[in-house]
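Chain residues, written in single-letter form:
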Amino acid sequence: MKILITGANTGIGFASAEQLVKQGQHVILACRNIQKAQDAQKKLRSLNQGQVDIVSLDLNSLVSTQKTADEIADRYGVLDVLINNAGVFSKTKQRTKDGFEQQFGVNYLGHFLLTQKLLPVLRQAPQARIVHLASIAHWAGSIKPHTFHAKGFYNPVFYYGQSKLANLLFSNALAEQMAASSITNNALHPGGVASDIYRDLPKPVYGVMKLGLVPTSVPAKLICQMAIGDEWANRNAEYVSAHMPNWKSPHAKNQQLARELYAQSMTLVEKFL
Ligand SMILES: NC(=O)c1ccc[n+]([C@@H]2O[C@H](COP(=O)([O-])OP(=O)(O)OC[C@H]3O[C@@H](n4cnc5c(N)ncnc54)[C@H](OP(=O)(O)O)[C@@H]3O)[C@@H](O)[C@H]2O)c1
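These remarks concern the structure in this document.

Rules used throughout
- Residues numbered from 1 in each chain as written.
- Predicted model: local features only at pLDDT ≥ 70, side-chain atom pairs only at ≥ 80, totals over all residues.
- Heavy atoms only, no water.
- Helix = DSSP H or I, 4+ residues; strand = E, 2+ residues; numbered from the N terminus.
- Rg over C-alpha atoms; globule rule 2.2 N^0.38 Å.
- Buried < 20%, exposed > 50% of the residue type's maximum accessible area, 1.4 Å probe, protein only.
- Areas by Shrake-Rupley, 256 points an atom, 1.4 Å probe, with all protein chains shown as cover.
- Lys, Arg positive; Asp, Glu negative; His and termini not counted.
- Charge placed at Lys NZ, Arg CZ, Asp CG, Glu CD.
- Near = heavy atom within 4 Å.
- Polar contact = N/O pair within 3.5 Å; in protein donor to acceptor, adjacent residues only side chain to side chain.
- Axes fitted to C-alpha atoms, helices over the stretch in contact; angles between N-to-C directions.
- Parallel < 35°, antiparallel > 145°, perpendicular 65-115°, else oblique.
- Contact = heavy atoms within 4.5 Å.
- Nonpolar A, V, L, I, M, F, W, Y, C, P; charged D, E, K, R; others polar.
- Disulfide = S-S within 2.5 Å.
- Patch = residues over 30% accessible without salt bridge, like charges linked within 9 Å, V, L, I, M, F, W, Y side chains within 5 Å.
- Salt bridge = Lys/Arg side-chain N within 4 Å of Asp/Glu carboxyl O.
- Pairing = 2+ DSSP bridges.
- Core = buried A, V, L, I, M, F, W, Y, C linked by side-chain atoms within 4.5 Å.

## Description of the overall build of the protein chain
Argument step 1. Counting its secondary structure elements, the protein chain contains 8 helices and 7 strands.
Argument step 2. Relative to the compact-globule value of 19 Å for 273 residues, the protein chain shows a C-alpha radius of gyration of 17 Å, a close match.
Argument step 3. With respect to the principal axes defined by its C-alpha atoms, the protein chain has extents near 50 × 45 × 35 Å.
Argument step 4. Residues classed as buried in the protein chain amount to 55% of the 273 residues present.
Argument step 5. As displayed, the protein chain offers around 11,700 Å² of accessible surface, 53% of which is attributable to carbon and sulfur atoms.
Argument step 6. Positive and negative side-chain charges in the protein chain, numbering 28 and 18 respectively, have mean positions lying 6 Å apart.

Laid out in structure tokens, this is it:
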């Protein structure tokens, strides 16, 4: 099977790629930092199993994401699994090339565009799956369209939460729309996982936090099951967690909100479709 993972040069994405390659899968690492992607590819190829390719992906730019999606479609023609994994936690206010708040832009809107552009190649597979990396942090967010461009006061936790809520709502909206199709959509909270995503936290804070974090292999196991496991073949619109409760916030259960965000996002990316 051909499986594309965004942000697979490190962290949860890399650990998922490793487990999939060990099971003989053809994994495509879609990464921003190509040097790190090449290092990851080298490590994975040394397992002498499966197949490992790289594509360059910068979710910080919609035009660049559009170009990558077109390249993927031309190069592969068919894709069995898309794992929307890449993500950032931005402590300070930053914007994408298109002027969106960075966490909203990278974690959510870039993936929204990538997914829309890859639906035709996913439809070519007999049965395709999309796995969305959300987070328990979605409880800290709500969907506030006036904040998409990060005007005014910056609360990083709200913005991270908004982006992760958007990931979960996107999974729910697509799952509803594609219920009668060959494509399923499911989301997960990977748990509190020791990875570079916490690089911006003060060292003492991270030192304490780390005691409660699990290794990347824990969510990677769940992601692999969701991506290729028989037990996930017919599951759709679910939200699960690798090692913490999978409670959904009231916003995350709001299907009307999911539909509205989907429609707004289509408008935001329409010139790149
Ligand atoms: N770790 C946790 O406790 C935790 C908890 C809940 C949810 N999550 C979610 O799990 C996912 C994976 O996180 P992680 O913990 O594995 O983090 P990580 O180790 O920091 O990895 C994040 C990946 O995303 C990539 N990325 C960042 N910006 C990008 C961009 N503009 N374009 C393309 N790729 C980009 C990074 O690439 P570079 O190497 O180029 O920076 C890296 O490969 C994220 O969606 C995160 O929100 C993590």
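From this point, the narrative continues.
## Digging into the site of the ligand
Argument step 1. Taken together, 32 residues are adjacent to the ligand, and Asn 9, Arg 32, Lys 36, Ser 195 and Tyr 198 come closest.
Argument step 2. Ile 12 places a polar main-chain atom, nitrogen or oxygen, 2.8 Å from an oxygen atom of the ligand.
Argument step 3. At 2.5 Å, a side-chain N or O of Ser 195 approaches an oxygen atom of the ligand.
Argument step 4. Summarising the interface, the protein chains cover 97% of the accessible area of the ligand, which totals 900 Å² for the free molecule.
Argument step 5. Within the residue set of the shell around the ligand, elements represented by two or more residues are α1 (11–22) and α5 (156–177).

## Examining the packing of α5 against helix α8 (residues 255–269)
Argument step 1. Packing of α5 against α8 brings their axes to within 8 Å, and their N-to-C directions diverge by 95°. Looking at the two axes, α5 sits roughly perpendicular to α8. On the side of α5, the interface is formed by Ala 166, Leu 169, Phe 170, Asn 172, Ala 173, Leu 174, Glu 176 and Gln 177, while α8 contributes Gln 255, Leu 257, Ala 258, Arg 259, Leu 261 and Tyr 262.
Argument step 2. Of the residues assigned to the contact of α5 with α8, the class counts are 9 nonpolar, 3 polar and 2 charged.

## Points about the state of the cysteines
Argument step 1. One pass over the structure, following the stated rule, counts 0 disulfides.
Argument step 2. You can see Cys 31 has no disulfide; the closest cysteine sulfur is in Cys 224, sitting 16 Å from it.
Argument step 3. Overall, the relative accessible area of 1% leaves Cys 31 in the buried class.

## A short note on a nonpolar patch on the surface
Argument step 1. A cluster of nonpolar side chains, namely Ile 136, Trp 139, Met 244 and Trp 247, defines an oily patch on the protein surface of about 440 Å² accessible area.
Argument step 2. Note on placement: Trp 139 falls in the loop between β5 (128–133) and α5.

## Thoughts on the sheet that holds strand β7 (residues 239–241)
Argument step 1. Judged by pairing direction, the sheet is parallel, and its 7 strands sit side by side in the order β3-β2-β1-β4-β5-β6-β7 without closing on themselves. Edge positions in the sheet fall to β3 (51–56) and β7, since each has one partner strand and no second. Between one strand and the next, the sheet's axes are offset by a mean angle of 20°, whatever the strand orientation.
Argument step 2. The pairing of strand β4 (residues 81–84) with β5 spans 4 bridges and is classified as parallel. Bridge pairing in β5 links Val 81 to Arg 129.

## Examining the pattern of salt bridges
Argument step 1. Scanning the model with the defined rule gives 4 salt bridges in all.
Argument step 2. Between Glu 71 and Lys 67 there is a salt bridge; the shortest N-O distance is 3.9 Å. Residue Glu 71 and its partner Lys 67 are both found in helix α3 (residues 62–76); the two are separated by 4 residues, about one turn of the helix.
Argument step 3. Classification of Glu 71 by relative accessible area gives partly exposed; the value is 39%.

## Section: the nonpolar core
Soluble globular proteins tend to bury their nonpolar side chains together.
Argument step 1. One finds Leu 4, Leu 118 and Leu 122 to be the most contacted residues of the largest nonpolar core, which totals 50 residues.
Argument step 2. Counting only elements with at least two residues in this core, the list comes to β2 (26–31), α3, α4 (102–123), β5, α5, β6 (183–189) and α8.
Argument step 3. With 11 residues, the top contributor of residues to this core is α4.
Argument step 4. Excluding residues that lie within four positions of it along the chain, Leu 122 makes contacts with Leu 79, Asp 80, Val 81, Leu 82, Ala 128, Ile 130 and Ile 183.
Argument step 5. Counting 31 residues, the second largest nonpolar core, distinct from the first, contains Ile 83, Val 193, Val 214 and Val 240.

By themselves, these observations are geometric and do not establish any function.
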